[in-house]
Each structure stands twice: as C-alpha cells, then as structure tokens.
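Coordinate inspection notes
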Amino acid sequence: MKFSELLQQLGIDHHHSLGVKPGCNPEITGIAQVQQARSGSLAYIDGGKFASTIETTGASALILPLDETLQAKATERQIAWMSTPDPKLLFAKAVPLFYQPYRPAIGIHPTAIIDPSVRLGQNVSIGAYTVIQADVTIGDGVCIHPQVVIYPQVQIGDRTILHANCTIHERTQIGADCVIHSGAVIGAEGFGFVPSADGWVKMEQSGVTVLEDRVEVGCNTTIDRPAVGETRIGHNSKLDNLVHVGHNGQTGENCIMAAQVGLAGGVQVGNWVILGGQVGVANQTRIGDRVQAGAKAGLHGTIEPGSVMMGNPASPYKTFLKASAVYNRLPEMHQSLRQLQQQMSVLQEQIQAIEAVMVVEGLEQENEGTHGTGIQ
Amino acid sequence: MKFSELLQQLGIDHHHSLGVKPGCNPEITGIAQVQQARSGSLAYIDGGKFASTIETTGASALILPLDETLQAKATERQIAWMSTPDPKLLFAKAVPLFYQPYRPAIGIHPTAIIDPSVRLGQNVSIGAYTVIQADVTIGDGVCIHPQVVIYPQVQIGDRTILHANCTIHERTQIGADCVIHSGAVIGAEGFGFVPSADGWVKMEQSGVTVLEDRVEVGCNTTIDRPAVGETRIGHNSKLDNLVHVGHNGQTGENCIMAAQVGLAGGVQVGNWVILGGQVGVANQTRIGDRVQAGAKAGLHGTIEPGSVMMGNPASPYKTFLKASAVYNRLPEMHQSLRQLQQQMSVLQEQIQAIEAVMVVEGLEQENEGTHGTGIQ
Amino acid sequence: MKFSELLQQLGIDHHHSLGVKPGCNPEITGIAQVQQARSGSLAYIDGGKFASTIETTGASALILPLDETLQAKATERQIAWMSTPDPKLLFAKAVPLFYQPYRPAIGIHPTAIIDPSVRLGQNVSIGAYTVIQADVTIGDGVCIHPQVVIYPQVQIGDRTILHANCTIHERTQIGADCVIHSGAVIGAEGFGFVPSADGWVKMEQSGVTVLEDRVEVGCNTTIDRPAVGETRIGHNSKLDNLVHVGHNGQTGENCIMAAQVGLAGGVQVGNWVILGGQVGVANQTRIGDRVQAGAKAGLHGTIEPGSVMMGNPASPYKTFLKASAVYNRLPEMHQSLRQLQQQMSVLQEQIQAIEAVMVVEGLEQENEGTHGTGIQ
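Residues numbered from 1 in each chain as written. Chains lettered and ligands numbered in written order. Predicted model: local features only at pLDDT ≥ 70, side-chain atom pairs only at ≥ 80, totals over all residues. Heavy atoms only, no water.

In the annotation of an unreviewed UniProt entry, the entry for chain A reads UDP-3-O-acylglucosamine N-acyltransferase, and the organism field reads Thermocoleostomius sinensis A174. According to UniProt, the comment filed for chain A under the heading Sequence similarities (unreviewed entry) is "Belongs to the transferase hexapeptide repeat family. LpxD subfamily." (UniProt positions renumbered as here; feature names shortened; annotations may be inferred.)

The following block contains the structure:
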C-alpha cells in the first residue's frame, strides 16, 4: 500500500509525518528491522543506540520518535516518515497490515477425538489427532492445533489458541484470548513430596491452575497445580519459553517472565512485575507491584513494590552494580589489605621505638588523648 | 465424613485429638490451605510462621503439631484437631480421603498403535493415539495417557503412569510405580560431540537410561542416555519440571531435584540428596549422601556427604551466607582501603619526619625491633 | 570382530598399535567406558585423570593417546591397543562398528496426515500420527518419528531426523543432516510485547527461523522466530536439551550450547563458540569467534573473540577465578579492615601526641615532605 494509506490506517496525523509531499509517498510492501530494511520496507527507530541507523537504512519509510534531528535526516534522505512518542508500539500496530499469523480453518478435523460430554463453542478450529476428554468446555472461536491433549473438566475461554503438542491437565481454567504455545503443560501435578522414614511420600495435588484472560504461555513452559487451592496467572501476563511456575504461584496483571524463569511453590507476584531471563524465585516469596528483576537474579523473602533487583541473593540494582564493579578487584583488595597490615606493624614498632626514646630522654607529653600514646 | 471417622481412617488415637467431645465432631467435606480454609475443611499447621493462622483460620478441623499452645487455641476456637509430630505428612495421608487424582479407565483405546511384538501386562490403560513400538514390555496396571510415543525395546514396570505427550526412547528401562509427567523425554541421545578439524563429530549414544522403582519425572524434564553404560535414577527419587540429567548421570535413592536443575555428563549423586531450583552440576561431579544445595548453586568437584552448599562456585552455606552478607559492602570496603592507604602514606611521612628530627637532635634509640625505625 | 579387523576398519597403521603379535588379537564384541569395561570390550583413555584406569580396566582393547607409558602398561597387561593423538575422536569413529542407532523403516505410516500440497523426497520415513501441513517440502531420506507436527510452508533438508513429539512452526527452514530431538519446538512466535497504557501489546512475529545443515537441537529446546528478519543457527552447531534461543538470535558455525543455555533477543554469536550449561546471554549481546563461557555465566555487551568468560556478570576466567577464590574471605577482609581503621586511629593519635611534645620541646624539623608533619 501507499505510505499515505498506511498513515490513514494507523490514524496518524499528517502533521506528524512526511508522507504527502510530492515524491515522498512510496509503495510499502513489507516490514523489516531498520538495519536490514530494503526499498519498499517500513521499519522503526526507537532512538538510543539505533539512532545512527538513520544514516544507512534502506527503508522506504520509517516510524520515528519525536526527534527533530532524526526527522530532518529522514527528510534529507527522502525517506517517508511518521513520528510518535512510542515508535515500537506503533510498529506493533503496523505489523498486522503486512503480516497475518497462520490460523487453521474453522472446523473440526475428523481425527480429533472429542468426548461426547464436551461443550463446544461456535466457530472453533480443532486440529488433527487432538484429544479432548470428558466434561471439557471450549469457548467460541477457540483454535486448537494438532496433537493437543486436554484432560477432563478443563475450561477454555473464547478465542484462545492452543498450539501443537501442548497438554492441559484436569480442571484447569484458561480464560479468553489466551495463547498457549507448543509443548506447554498447564495444570500438571505440583511437586509435593513429604519426607518420612520410608522415603518421600507423595502429596496428591487436588488444586487447580487458573489462567485469566489474555495470558500467553511460552513453548514448553510448565505451570503446576497445587495440593490445595489455586495456581493463578493474572490478566494479560506473558510467560516466555521454558518458564516454570510451581504450585500455588500467583501473579497479578500484566506481568512478564522472560525465558527460563523459575518460581518455586507459593510465590506471590504483584501487578506489572518484570522478571528477566533465568530469574529464580524461592518458596513463599512475596513480590510487590512493578518490581523488576534482572536476568539470573535470585529473589526470596519480601520484595518491596517498585524495587529493581539484581544478583543472587538479589539486591537493589544500584547496590548490585556497585558491588559487582568492585568484585574483580577482590584479589587486589586482599593483597592491599595484607600490605596495609604489614605497614601497620612496621609503623606500630616505629612509634613504640620513638616513644621509648622520648621516655628515656625525659620528653613529657602535653595532651593525653582518648587512646593515649602509651608514654608515661 | 465426620471428624471421628477421619480419625479412625487415619489411625489416630483419640488421646491425640479433640474430636469426640460433644459439639466437636464436625462434618469434613474437603481439604484446604489453612489460610483459605472454610467451614467443612480440614487443614494443617506445621508450626513456624504459619502458627499464627490458628487465630483466623475458618477450618473446621486441623492437623496440629505436638504443641499445647496451638492445641489449646484450637480447642478454644471450637476447631476439631488431631496432633502428630509431622502434620504435613499426616495431611498428605488425609488428602486421598477427599481427592482422587483422575485416572483413565482400564482398556486400550482403539486408536492406540501397538506393535504386535509388544508384551502387555494385565489391566493396562492405553490412551488415544499413543504409539508403542517393537519389543516393548508393559507391566500390569500401567496407565499410559494419550499421545505418548514409546520407541522400541523399552520396559515399563507395574503400575507406572505415563502422562500425555511424553516420549520414551529406545531401550529405556522404567521401574514400577513411577510417574512420568507430560512432555518429559527419557532416554534420548546424550549430548556427545568430539571436536575435529572438520567440526564437531557425533558420538553415537549406545547406552541406556534406567529409572528404578517409584521415580517421578517432572513435565518437560529430559534424562539422556550415554554413549556407553547407563544413566540411572535411583529408587524413589523425584525430579521436578524442566530438569536436565546428562549422559551417565547416576543418582542414589530418595533424591530430590527441584525445577530447572541441570546435571552435566557423568555426575554421580548419593542417596537423600536435595538440589534446589536451577542448581547446576558440572561434568563428573561427585555428590555425597545427604548433600543439600541451595537454589542456583553451582556444584563441581567432590561434595562431601552431608554438606549444605550455596553459591556459584558453591561453598558451605555458612561461608556463603557470611560472604554474601558482606558482598554489598564491597564498594565501601574498597573506598575504606584507599582511604587507609592514603592515611598510611601520611603517617609514614610523618614518622620519617619525626625520625629525621630526632636524628638531628641526637636522640638515640634504645630498642631496635625486627623492623627497626630506620634511625641510625 | 577381531582386533586386527577393527584396526583395518578404522584405518590405523599397525605401527601405532599392539594388535598383531601372537596372543594379542582379541575378539571385540562391544564398547564400554574404561572403568566398566569387561572382556571383549573396546574402551578409550584420553589421558589426564583417567590415565590410572589403565591399571584396573577389564577392557580387551584400548584406544590410547600417544603416551609410551600407557602403551607399555597396556602391553604389560596383555591389552590390545591402538594409539592416536585424539583417542576420543577415534572412539567416536569406532562406536558405529558396534552400535547402530534405531531408525524406523522407510515408508509412510498410514495414519500420517500429509497435506496434498506437501512435496515429499525419496526414501522418507514418516511415523504414525505425524501431521504435515500445507506447502511443506521434505527432502530425500528424511526420517520423521511419530507424533510430529509440522506447520505450513516448512522446508526440511535431506536426511534430517525429527524425533517424536517435536513441533516445527510455519515457514521454518531446516537444512540437511540435522537432528531435532523429541519435544523441541522450532520457529514458534518470539516473545514480543510492547508496553502501553492498556497493558502489553503483542508484536506479531512475521520472521522466520533457519537451521543450517548438520545442526542438532536437543530435547524440549525452543528456538523462536522474530517479528521481522531471521533467527539462524549456523552450520554444524549443536544445542543440548532445554536450550532457549530468542527471536533474531544468530549463531555461526560449529557452536556448542550445553543444556539450559538461554539466549535473549537479538544475540549474535560467532563461530566455534562454546557456552556451558545454564549460561544466559542478554539482549543484543555480541559474542566473538571461539569465545567460551563457563557454566552459569551471564554474558552481555560485546565479548571479544577468543575470550574465556565466567561468572555473572561474566569476566575473563582468570579474573573470575582469582576473585571467586577470595570471595569467601570477604567477612575476614571486612573484619581486618575495621581492625586496621581502629589501629590507624590509634597511630594517628599517638603521632599527634608525639608531635605535640616535640613542638613543646622546641625540636625543629629538617625536611618538610609533601604531606608534612604538622610541626612548625
């Protein structure tokens, strides 16, 4: 489509763009990263370290921040542009104009095995060899890819997508507009074993896993159900691949967990929390709203709202960065300490010697401080 | 059921309970966490930080520790109780009286594909679309959920449960009363590549993975087979989700590995070892009996029996806790060191100056120490 | 086979072996680890800490390094041997003479569902219940195990093996001679969400994942596709189990990623890079050729070619090892510092006192240093 049409579809005011002047209304045929963009592509620049790509990008059109230098440069290079306070967000809205994710057709594949007790919504798509067991409820517009297994008494909300080879365990409740990626396992038995003289005794897991609306669960991620009560992932929270959420974990709204995050049992997470890759959270940890934890952090205890944490055990990030900046000087510090200790011994002896001389010579001391000099 | 019947079923002496007196034999209809328990629920209190929940719980009955204060409080609040040295263990035994995990009916689904050479035990349950290949042996009472793939020459012991979408590779031996959770992969090729001038050369993995009786393997956990010899998980050991056990790993009895633990190749683990979440164990590490490693610890070399280890590289936990308590003071320590070095220089010059004056004035020194004063 | 035949098949010169003399041409029936080897077994010794196993091994034949002591010892113990600069590599070449991995027969299982638009090569093997969707291209000699799901428009190169229960997402390109292990998910949507006032907004992932020839992908490993552009794993790179490669990750040739490694978005990795288990790599990190990172390292920024990195945040390994060797002395260092500070105060007061006495006594100072003594 023409750039001018793109502006229109995105609802962008011409005031915030260069795209109506003669010679600057290119045909846009696709989207690209700004460094790899070629003629016909729309890309975005978020500012920061990618700002310099404005000099070299082959894009025909750019989404720019509210930055007059970048805008002038784009104009100079004859690149059509629009500007917005949040280029990445606008780009996200532009992507669907050029790319639609694959969705299988509506309909139930003849090889899908659906228990007669299952309540199916309207316009569902159910893939080959998918197995849906007794008393499951499937909402309208749900899309289930091939080879999914749904255990009994599961509820799946409207328009939710289940990708191939994932497994939804008994009694799990999944909200509307969720996406469960391939290989994920939701609602399996929590890891509950009690030590006894005869070895570990299994605690049966009678609880339930609940995903609220708009939750996404990454590939091969696992979210367990508890012995009693709920494991719950809050509205619009997004979990990346290979994440583990243990029994009784609870998250608020709009949380982000990057890949390979692990939550032990009974963790409570507030709203708008962001956990970086490979973060680990200990049993019963309480994480306040808007906490952010850097990659590989280890959280435990109570994390105050708004904290930004790093390291293991985690500290506020400023503390961590200062400490880790010094960490590599530890050997040098250790050596300095030993040197200081030696120098201190030398000085102590020197002063003792001086004081001894002064005593011999009858030199008297005027002021005796708290520590004194030892001269009598 | 009535509380008195519950006592009977659990074999609890009335001496250790309040549940026969008039007005204190409630109907128990389910189980709950103590904080969320409502009327009709049985819960447990283990003591410690949950002790205060006795004040507020809505439970009709409690399993308590041998703690007279808690018992008196429960009596006062008209909550039926029983007491035991290990409330969690007794609760685990009570759960099955109120909750039975879902098990599919005995029988073989007509869509299961079972090679004619497979030896099937009595009373097995085999789910839809499960594929069992040549020369597999399946014990009595085995339950295999839908979509499981079993490669040739596998052995599965009596009463073992295989959840949906898991994969058991060729020649794997799984004992009796094991549980393999959804998406787990047992006995796949170990990660064996040898560097050469032409790049990495694959070492074929001719070995076998063995799970002894009563082993549990978490969702999406992977246990590889080796090039030669065995990978072996010992009796009653329990692995949580997303754990990795590399080729030739060996564990003893009653080991616990929390989620996302990783064992590199050739690791040997004793009995009753507990590895916390995200622990990593280097190639050829030897871990003694009853070792415990805190979450995220990195183990290598030889870990003595009974050690409690934390950190990466791991140290005994007391050492680690002391060191990590000081860690955040590193910048302040670094600054103190520099200050001390400056102060030291000043003092050294002051003493030199004093000594110089004393030499000029002809003041003689009495005792010359090891280090001397530099005064001649 | 006879040891002499083994030599012949491996192309080993008799000069580098003991295997033709009378009484030293044993029948070799299998392969084993040197510690567990029994009569009839071929094993290898790489030197180093396994060298002492030459004293006790029950192997009938050994592959040895170019080490005359080991060779003499083997000769003395009547063990047939061959020697090579790289025993493990030669052993890898010997394994297939005794062990062939299981491969299903050529042919398409009648339950496999293959879209009519799929282009199938010659001599393919496609397992039970595998689902191959529209416009997929499958090369010659490809082997697809049961229960695999291939989304539309995927390309699979010649002789590539896809193990059970893995999922290949739309438009993914997999080269020749690759192995995708069970449960792996290739080409699923990258983790792309943009914050907005209304919560996280999904960025659709229009890009593609490409695996070049001879790539291996471990069990339950996930390699995502990006919003735009490519995720690419280079020629002959090998990824172990439970690895995560985020959107737009790029690796060169012959890279190794051990189990549970995680690459965030946009990471660029050179050739011959080795990442140890549980290594994490931050967004946009650039890793040069032949970098090695120890287990659990956290990499970010730019890592120079040839670096060997450890720790989190990662440092050159010598620096890390020195620092971590001192780490546990931190509490002692902290105490020493405080002691030095106290001693310093005492000395400062002592010197002040001495100087005061000297002033009173009219002792004059000869040389005034930079810092002076404060004596006038």
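Let us look at the relation of the copies chain C and chain B. Comparison of the two chain copies shows a relationship of rotation about an axis with a shift along it. The two copies are related by a screw operation: chain C maps onto chain B through 120° of rotation and 0.1 Å of translation along the axis, at an RMSD of 0.2 Å. Such a turn and shift between the copies fits a three-fold axis. (Least-squares fit on C-alpha atoms with pLDDT ≥ 70 in both.)

Let us now look at the packing of helix α1 (residues 3–10) of chain A against helix α3 (residues 87–98) of chain A. Residues and elements named next belong to chain A. With their axes 11 Å apart at the nearest point, α1 and α3 run at an angle of 115° to one another. Where α1 crosses over α3, the two elements pack in a sense that is right-handed. Residues Leu-6, Gln-9 and Leu-10 of α1 form the contact with α3, whose own contacting residues are Leu-90, Lys-93, Ala-94, Leu-97 and Phe-98. Its residues assigned to classes, the contact of α1 with α3 comprises six nonpolar, one polar and one charged. (Axes fitted to C-alpha atoms, helices over the stretch in contact; angles between N-to-C directions. Helix = DSSP H or I, 4+ residues; strand = E, 2+ residues; numbered from the N terminus. Left-handed = near helix turned anticlockwise from the far one by under 90°. Contact = heavy atoms within 4.5 Å. Nonpolar A, V, L, I, M, F, W, Y, C, P; charged D, E, K, R; others polar.)

So, about the interface of chain C and chain B. The interface of chain C with chain B comprises 77 residues on the first partner and 87 residues on the second. For the interface between chain C and chain B, the tally reads one salt bridge. Glu-216 of chain C is paired through a salt bridge with Lys-202 of chain B; the nearest N and O atoms lie 2.8 Å apart. Our enumeration of links across chain C and chain B arrives at 34 residue pairs in polar contact (both at pLDDT 80 or more). Looking at the side of chain C that touches chain B, the elements that each hand over two or more residues are α3 (87–94), β26 (238–239), β29 (256–257), α4 (317–327) and α5 (330–361) of chain C. The residue inventory of the side of chain C that touches chain B, partitioned by class, reads 38 nonpolar, 27 polar and 12 charged. (Salt bridge = Lys/Arg side-chain N within 4 Å of Asp/Glu carboxyl O. Polar contact = N/O pair within 3.5 Å; in protein donor to acceptor, adjacent residues only side chain to side chain.)

Moving on to the domain arrangement of chain A. Buried accessible area, meaning the area lost when the parts come together, often serves as the stated size of an interface. Here chain A is partitioned into domain 1 (3–98), domain 2 (166–322) and domain 3 (333–376). Distance from the C-alpha centre of domain 2 of chain A to the C-alpha centre of domain 3 of chain A: 60 Å. (Domains from an automatic or database assignment.)

This next bit is on the confidence of the model for chain A. Residues and elements named next belong to chain A. Here chain A shows a mean pLDDT of 92. Residues at 70 or above account for 94%. Low pLDDT, under 50, characterises residues 366–376; the stretch is placed with 19 contacts to residues that sit more than four places away or in other chains. For this predicted complex, the interface score ipTM comes out at 0.92, alongside a pTM of 0.93. (pLDDT = per-residue confidence, 0-100.)

The subject of this paragraph is the UniProt feature "active site" (unreviewed entry) in chain A. Residues and elements named next belong to chain A. The feature "active site" (unreviewed entry), as annotated in UniProt, sits at His-247 in this numbering. Looking at the element boundaries, His-247 is found in the loop between β27 (244–245) and β28 (250–251). When its relative accessible area of 23% is taken as the criterion, His-247 is described as partly exposed. What His-247 contacts, discounting residues up to four positions off in sequence, is Gly-190, Phe-191, Gln-205, Asp-224, Arg-225, Pro-226, Thr-231, Gly-265 and Gly-266. (Buried < 20%, exposed > 50% of the residue type's maximum accessible area, 1.4 Å probe, protein only.)

Within the secondary structure, Gln-133 of chain B sits in the loop between β10 (131–132) and β11 (137–138). Note on Gln-133 of chain B: relative accessible area 12%, which makes it buried. Once you skip the residues sitting within four places of it in the chain, Gln-133 of chain B turns out to touch Asp-115, Val-118, Ile-150, Tyr-151 and Pro-152 of chain B together with Tyr-102 and Pro-146 of chain C. Polar contacts involving the side chain of Gln-133 of chain B include one to the side chain of Tyr-102 of chain C, which spans 3.3 Å.

Attention now goes to the sheet that holds strand β7 (residues 113–114) of chain C. Residue and element names in this part refer to chain C. A sheet is described by the order of its strands in space; here 10 strands give the open sequence β7-β10-β13-β16-β19-β24-β27-β30-β33-β36, paired in parallel fashion. A single partner strand is all that each edge strand has here, and the edge strands are β7 and β36 (298–299). Relative to strand β16 (residues 167–168), strand β13 (residues 149–150) is paired through two bridges, and the arrangement is parallel. Within β16, the position partnered with Ile-150 by the bridge is Ile-168. (Pairing = 2+ DSSP bridges.)

Residues and elements named next belong to chain B. In this structure, strand β20 (residues 193–196) lies alongside strand β21 (residues 199–202), joined through four bridges in antiparallel fashion. Within β21, the position partnered with Val-194 by the bridge is Val-201. From the end of β20 to the start of β21, which pair antiparallel, there are two residues.

A separate point is helix α4 (residues 317–327) of chain A. For α4 of chain A, the complete set of buried residues consists of Phe-320, Ala-323, Ser-324, Val-326 and Tyr-327 of chain A. End-on, the buried residues of α4 of chain A take up no more than an arc of 155°, which puts them together on one face. Projecting away from the buried face of α4 of chain A at angles above 90 degrees are the exposed residues Lys-318, Lys-322 and Ala-325 of chain A. On its buried face, α4 of chain A is in contact with β38 (308–310), β39 (315–316) and α5 (330–360) of chain A, α4 (317–327) and α5 (330–360) of chain B together with α4 of chain C. (Arc of directions from axis to C-beta.)

All names here are of chain A. A large share of strand β19 (residues 185–189) lies buried, amounting to five of its five residues. When β19 meets strand β24 (residues 222–225), the two strands line up parallel, connected through four bridges. The partner of Ile-186 across the bridge, within β24, is Ile-223.

Moving on to the packing of α5 of chain A against α4 of chain C. Across the interface, α5 of chain A lies against α4 of chain C with an axial gap of 8 Å and an inter-helix angle of 55°. In terms of axis orientation, α5 of chain A runs oblique to α4 of chain C. Contacts between α5 of chain A and α4 of chain C involve Leu-330, Pro-331 and His-334 of chain A from the former and Lys-322, Ala-323, Val-326 and Tyr-327 of chain C from the latter. Here the residues of the contact of α5 of chain A with α4 of chain C are counted per class, giving five nonpolar, one polar and one charged. (Parallel < 35°, antiparallel > 145°, perpendicular 65-115°, else oblique.)

Residues and elements named next belong to chain B. Read from one edge of the open sheet, 12 strands run β6-β9-β12-β15-β18-β23-β26-β29-β32-β35-β38-β39, paired in mixed fashion. Looking at the sheet topology across the chains shown, the edges are occupied by β6 (107–108) and β39 (315–316). As paired strands, strand β26 (residues 238–239) and strand β29 (residues 256–257) are joined by two bridges and run parallel to one another. Looking at the pairing, Lys-238 lines up with Ile-256 of β29.

Tallied over the entire structure, the rule returns 18 aromatic pairs over all chains. Ring centres 5.1 Å apart and planes at 75° place the aromatic pair Phe-191 of chain B and Phe-193 of chain B in the edge-to-face group. For Phe-193 of chain B, a relative accessible area of 10% translates into the label buried. Each member of the aromatic cluster is reached from another via a ring pair, and the members are Tyr-129 of chain A, Tyr-129 of chain B together with Tyr-129 of chain C. (Phe/Tyr/Trp six-rings, centres within 6.5 Å; stacked < 30°, edge-to-face > 60°.)

Another point: the interface of chain A and chain C. Chain A puts 77 residues into the contact, and the matching count from chain C is 86 residues. Taken together, both faces of the contact between chain A and chain C bury some 6,600 Å²; the carbon and sulfur share is 67%. The interface formed by chain A and chain C holds 33 residue pairs in polar contact (both at pLDDT 80 or more) in total. Going through the elements one at a time, α3, β26 (238–239), β29 (256–257), α4 and α5 of chain A are the ones with two or more residues in the side of chain A that touches chain C. Sorting elements by how many residues they give to the side of chain A that touches chain C places α5 of chain A first, with 14 residues. (Buried area = accessible area lost by both parts, 1.4 Å probe.)

So, about the pattern of salt bridges. Counted according to the given criterion, the structure contains 24 salt bridges over all chains. In the salt-bridge network here, residues are joined through shared partners; they are Glu-55, Lys-73 and Glu-76 of chain A.

All right, on to unusual backbone geometry then. Leaving glycine aside, a negative phi is the common case for residues, and trans is the common case for peptide bonds. Between Asn-312 of chain B and Pro-313 of chain B the backbone carries a cis peptide bond, its omega angle lying at -5°. By secondary structure assignment, the location of Pro-313 of chain B is in the loop between β38 (308–310) and β39. Phi is positive for Gln-147 of chain A, close to 70°, though the residue is something other than glycine. Note on placement: Gln-147 of chain A falls in the loop between β12 (143–144) and β13 (149–150).

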